[in-house]
Amino acid sequence: MPTVLITGATSGLGRHIAFELVRSGYVVLAHGRDRGRTDRLVAELRAEGGEAHGFVADLASLARVRRLADEVAAAHPRLDVLVNNAGVGAGPRGAGREVSADGHELRLAVNYLAPVALTRALLPTLRASAPSRVVNVGSAGQEPLDFDDPELIRGYGGVSAYCRSKFALAAHTFALAEELAGSGVSVNVLHPATYMDTAMVREAGVSPWSTVADGAAAVLALVTQESGTGRYFDGTSPARAHTEAYDRDVRKRLEATTDQLLGS
């Protein structure tokens, strides 16, 4: 049975795909931030007749991200798919700048630094499990980083912070796919659906345009089907990310900035 790790599995999109995959015979490793919610989800998944295991970590802490990777690799030496789904939205309108446990701008930390750190830490497991897949849940909302102010200290806005984190995730996806060419590990990024009916969207004061099921179909396609590597999808359709996400100079600057922020 293939094994999939889903971050942010206790609600919204992550929860929906966890149920779809466990019903399809996947071993589901469900990550959540809260122990109680994670344990309840695992019990519900097992009630479907499938195999599921829970992992708890606050992705706003890089130490906990790396510990999560260690725990997953130790318990499950085979990992067929990593779905980096967990994220923080733009926040309520007018909300101020927030920081992570490590002092990084929160949206950059959770939406970008955490999946990068988790993926890097799990790469030995993913390589050993090849052919394997990394699916990054991004967004059509993308805004290039200001490398002189990558953590948006000046002129902070929640929407801008969110879009910058998703731009970084897309650019990183393309760079990592090139790095892993020939390894059997594919890496893709997608915009699942626009303004899904999730707590993240409602918190931003936006009326949902689409359902979680709409977005889940796109994620499930990348999890279960061969889709190449280094690609961006809008729903299930191949699309183009922000132009600068393909710029090699931008990606080199992003890599250097990322290494500095991760302390690596």
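Quick summary incoming for the structure in this document. Since this is a predicted model, take the numbers as computed values, not measurements.

1. Some details on the pairing of strand β6 (residues 185-191)
Line of reasoning, step 1. Within β6, 7 of the 7 residues are buried, leaving the element largely enclosed by the surrounding structure.
Line of reasoning, step 2. Every second residue of β6 is oriented toward a common face, with Val-185, Val-187, Val-189 and His-191 on one face and Ser-186, Asn-188 and Leu-190 on the other, all of them buried.
Line of reasoning, step 3. In terms of strand pairing, strand β5 (residues 132-137) meets β6 through 6 bridges, oriented parallel. Paired with Ser-132 across the bridge in β6 is Val-185.
Line of reasoning, step 4. Handedness of the crossover joining β5 and β6 through helix α5 (residues 158-179): right-handed.
Line of reasoning, step 5. Looking at chain direction, β6 and strand β7 (residues 232-234) are connected through 3 bridges and run parallel.

2. Re the nonpolar core
One broad trend across soluble globular proteins is that nonpolar side chains are buried collectively.
Line of reasoning, step 1. Formed by 46 residues in total, the largest nonpolar core has its most connected members in Leu-5, Tyr-112, Leu-118 and Leu-122.
Line of reasoning, step 2. Elements represented by at least two residues in this core include exactly β2 (27-32), α3 (62-75), α4 (106-128), α5, β6 and α8 (248-262).
Line of reasoning, step 3. In terms of residue count, α4 provides more of this core than any other element does, 10 residues in total.

3. Side note on the side chain of Lys-166
Line of reasoning, step 1. Within the element layout of this structure, Lys-166 appears in helix α5.
Line of reasoning, step 2. Although Lys-166 is buried, it forms no salt bridge, and the closest oppositely charged side chain is Glu-105 at an N-O distance of 12 Å.
Line of reasoning, step 3. Within the structure, the side chain of Lys-166 is placed 2.9 Å from the backbone oxygen of Val-137, a separation counted as a polar contact.
Line of reasoning, step 4. What Lys-166 contacts, discounting residues up to four positions off in sequence, is Asn-111, Val-137, Gly-138, Ser-139, Gly-141 and Gln-142.

Basis of the calculations
- Residues numbered from 1 in each chain as written.
- Predicted model: local features only at pLDDT ≥ 70, side-chain atom pairs only at ≥ 80, totals over all residues.
- Heavy atoms only, no water.
- Buried < 20%, exposed > 50% of the residue type's maximum accessible area, 1.4 Å probe, protein only.
- Helix = DSSP H or I, 4+ residues; strand = E, 2+ residues; numbered from the N terminus.
- Pairing = 2+ DSSP bridges.
- Right-handed = clockwise from strand over helix to strand, strands pointing away.
- Core = buried A, V, L, I, M, F, W, Y, C linked by side-chain atoms within 4.5 Å.
- Lys, Arg positive; Asp, Glu negative; His and termini not counted.
- Salt bridge = Lys/Arg side-chain N within 4 Å of Asp/Glu carboxyl O.
- Polar contact = N/O pair within 3.5 Å; in protein donor to acceptor, adjacent residues only side chain to side chain.
- Contact = heavy atoms within 4.5 Å.

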